[in-house]
Amino acid sequence: MKDFPLNNPLLTQEQYDQMYAESFANKEQFWSKIAKEQVTWFKDFTKVKNTNYEGDVSIKWFEDGELNVCYNCVDRHAEQRPDDTAIIWEGDDPSQSKTYTYKELQSEVSRFANVLKKLGVKKGDRVTIYLTMIPEVAFAMLACTRIGAIHSVIFGGFAPESIAGRIQDCQSQFVITADEGLRGGKTIPLKKYINTALESCDDSIKTLVVRYTNTQDDLHQKNDFYYDELLKEVDDQCACEPMNAEDPLFILYTSGSTGKPKGVLHTTGGYLVYASFTHKYSFDYHPGDVYWCTADAGWITGHSYSLYGPLANGAQTLLFEGVPNFPDFSRFWQVCDKHSVNIFYTAPTAIRALMKEGNDFVIKDKNIKKRESNTDNKFGTVGCVAIDKNGNITSGTSTGGMTNKKWNRIGDVPIIGAGTYANNKTCGISSTGWGEYFIRNVVAYDISSQIDYLKIDINQAAKNTLKKVKDLGGSGGVIGIDSDGNIMMDFNTKGMYRGYINSDGETKIEIYQ
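Residues numbered from 1 in each chain as written. Predicted model: local features only at pLDDT ≥ 70, side-chain atom pairs only at ≥ 80, totals over all residues. Heavy atoms only, no water.

1. Details of the pairing of strand β15 (residues 248-253)
Stage number 1. In terms of burial, β15 is a largely internal element, 5 of the 6 residues being buried.
Stage number 2. Sheet topology places β15 next to strand β16 (residues 263-267); 5 bridges connect them, and they run antiparallel. Its bridge partner lying in β16, Ile251 is registered against Leu265. (Buried < 20%, exposed > 50% of the residue type's maximum accessible area, 1.4 Å probe, protein only. Helix = DSSP H or I, 4+ residues; strand = E, 2+ residues; numbered from the N terminus. Pairing = 2+ DSSP bridges.)

Below, the structure is given as structure tokens:
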């Protein structure tokens, strides 16, 4: 394991220390400045933070400001740098790839948005997206944000029962899917699963179908509409809908591993500020970097760090349809070589699986050695800060702001720790701070294991965790723990969820004192 300083970091050590101090000294001034630097506002906010944790819990950030996420992720870059690459798409088949400039992305998203409007989708409607990692998943998500619809992305692989429950729970009236998906050389019968799921849902739900493999037209239902056909009827002119900062942006369901899946709601302004800010500084993103987060769009990491965070920063972001072991275990490195990726963000699970296969597949990649010696390369993992000499990954800890500090490395590739806070649907990278503070060396604890297996008192678990946070320089307090054992801190609310969607379509924050 080596220590190695970053080249030309966005923040020097002195700048980082100053930012860190400012985030404690004057939280509202600090986040007001960050919000105005990171986001283009249609209407400036006058109130930064308005929170109440007593009685009826209320959390609001930038509440009188107006913006549009799609404008920030697409249009403003298309206006200034239309020919710069926005999305690099790598197919499951290694021979398939596409690139989209910001101007091309603007056209694709606007046309998709007009298709949705043609189907009757309007501001505030809920749209379920069930796709694999094809370009249309990005178009669909951004199109929803463009017109003010609330998207709910379901991982392209969940079974019909899981799909139906999520559609019913969020009361979606529109579904976007494809005939089939591809992953690891195998087909996924997306439309077949949707048809089965909709048998137990409202029969008025409209389904927009992307003909991807062109093999499943025999699965047509009465309320099916085809994307390629409707595209012929629309143009690429679609204005961005002004949205209040506290308007709902998306609903993303928990996995359901500890009970019924909960629809976690994120709102517009605070989420985009936090996602773009943490992406920029956690990965030390510079113009021209080629950034790849391997997370699927069906997870919060895919939302924040494959799509919204990088695009808000005008980055080149790579979307990958495949898996790390197809056609063989060298696929990740082949993709990095093919597209000159120099910021790579993946999960400890993937790293362990690749390490288990040894170095033979890595050696096949002739550019690996060259890439390792290039100090501009960064290797980030979710919840990982180190891999010891025995190959063990240390998880659950973040490592602080991206400065010219020394970093642990794999070989000669720096490791950037990036813990997603507690429940994997609730927040963002904590390596540049939680909520209202710019905190270094904060541990993101999920205490559900303590509750489930050690049977310790919930309040005591909260106190223990808070002490650990304070010992590391943190501040604030635990205001509650939800039924899954996830801690809710009073300084972790901006980019975090606003609560759960209940069966009445209302947002409920569950607090367990």
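Now that the structure is up, let's keep going.
2. Some details on the environment of Glu136
Stage number 1. Mapped onto the secondary structure, Glu136 falls in helix α5 (residues 135-147).
Stage number 2. Among the residues examined, Glu136 registers a relative accessible area of 16% and is labelled buried.
Stage number 3. Separated by 76 residues in the primary sequence, Glu136 and Tyr212 place their C-alpha atoms 9.8 Å from one another.
Stage number 4. In contact with Glu136, other than residues within four places in its own chain, are Phe112, Leu131, Val210 and Tyr227. (Contact = heavy atoms within 4.5 Å.)

3. Quick word on the pairing of strand β6 (residues 97-101)
Stage number 1. Pairing of strand β5 (residues 85-90) with β6 involves 5 bridges; the strand directions are antiparallel. Residue pairing in the sheet places Ile87 in a bridge with Tyr100 of β6.
Stage number 2. In textbook terms, the turn of a hairpin is the stretch between consecutive antiparallel strands, and for β5 and β6 this stretch comprises 6 residues.

4. So, the packing of aromatic side chains
Stage number 1. Following the criterion strictly, the structure yields 30 aromatic pairs and no others.
Stage number 2. Ring plane angle 80 degrees and centroid distance 5.2 Å describe the contact between Trp292 and Phe332, whose orientation is recorded as edge-to-face. Separated by 40 residues along the polypeptide, Trp292 in strand β17 (residues 290-293) and Phe332 in helix α11 (residues 331-339) bring together distant segments of the chain. Across the pair, exposure class does not vary: Trp292 and Phe332 are buried alike. (Phe/Tyr/Trp six-rings, centres within 6.5 Å; stacked < 30°, edge-to-face > 60°.)

5. Overview of the confidence of the model for the protein
Stage number 1. Mean pLDDT over the protein: 77, with 69% of residues reaching 70 or higher.
Stage number 2. Here residues 369-375 scores under 50 on pLDDT; set against residues more than four positions off or in separate chains, the count is 13 contacts.
Stage number 3. Across residues 383-459, where pLDDT falls below 50, the model places 280 contacts with residues more than four positions away in sequence or in other chains. (pLDDT = per-residue confidence, 0-100.)

6. What about the packing of α5 against helix α10 (residues 300-312)?
Stage number 1. Two elements in contact, α5 and α10, have axes whose closest approach is 12 Å; the angle formed by their N-to-C orientations is 60 degrees. With respect to each other, α5 and α10 are oriented oblique. As for how α5 packs across α10, the hand of that crossing is right-handed. Between α5, through Ala138, Met141, Leu142 and Thr145, and α10, the contact on the second element is made entirely by His303, Leu307, Tyr308 and Leu311.
Stage number 2. By residue class, the composition of the contact of α5 with α10 is 6 nonpolar, 2 polar and no charged. (Axes fitted to C-alpha atoms, helices over the stretch in contact; angles between N-to-C directions. Parallel < 35°, antiparallel > 145°, perpendicular 65-115°, else oblique. Left-handed = near helix turned anticlockwise from the far one by under 90°. Nonpolar A, V, L, I, M, F, W, Y, C, P; charged D, E, K, R; others polar.)

7. Considerations on helix α12 (residues 348-356)
Stage number 1. Within α12 the residues assigned to the buried category are Pro348, Ala350, Ile351 and Leu354. The buried side chains of α12 occupy one side of the element, clustering within an arc of 155 degrees when seen end-on. Exposed and oriented more than 90 degrees from the buried face of α12 are Thr349 and Lys356.
Stage number 2. Directly beyond the C-terminal end of α12, a positive phi value near 80 degrees is found at Gly358. (Arc of directions from axis to C-beta.)

8. Some thoughts on the side chain of Gln106
Stage number 1. Take Gln106: it is sitting in helix α4 (residues 102-119).
Stage number 2. Contact partners of Gln106, with chain neighbours within four places excluded, come to Val74, Asp75, Ala78 and Arg146.

9. Considering the pattern of salt bridges
Stage number 1. One pass over the full model with this rule turns up 11 salt bridges.
Stage number 2. Among the ionic pairs, Lys118 bridges to Glu233, the shortest N-O distance being 3.2 Å. Placement of the pair is Lys118 in helix α4 and Glu233 in the loop between α8 (227-231) and β14 (243-244), with a sequence separation of 115 residues.
Stage number 3. The exposure class of Lys118 is partly exposed, given its relative accessible area of 45%.
Stage number 4. Here Arg211 ties to Asp228 by a salt bridge, and the two come within 3.1 Å at their closest N and O atoms. Placement of Arg211 in the loop between β12 (206-210) and β13 (224-226) and of Asp228 in helix α8 is noted, with a sequence separation of 17 residues between them.
Stage number 5. Overall, Arg211 belongs to the partly exposed group, its relative accessible area being 22%.
Stage number 6. A relative accessible area of 32% means that Asp228 is categorised as partly exposed. (Salt bridge = Lys/Arg side-chain N within 4 Å of Asp/Glu carboxyl O.)

10. Quick notes on the side chain of His77
Stage number 1. Structurally, the position occupied by His77 is in helix α3 (residues 69-80).
Stage number 2. Look at His77 and you get buried, because its relative accessible area is 7%.
Stage number 3. For His77, the side chain forms a polar contact with the main-chain oxygen of Ala312, separated by 3.2 Å. (Polar contact = N/O pair within 3.5 Å; in protein donor to acceptor, adjacent residues only side chain to side chain.)

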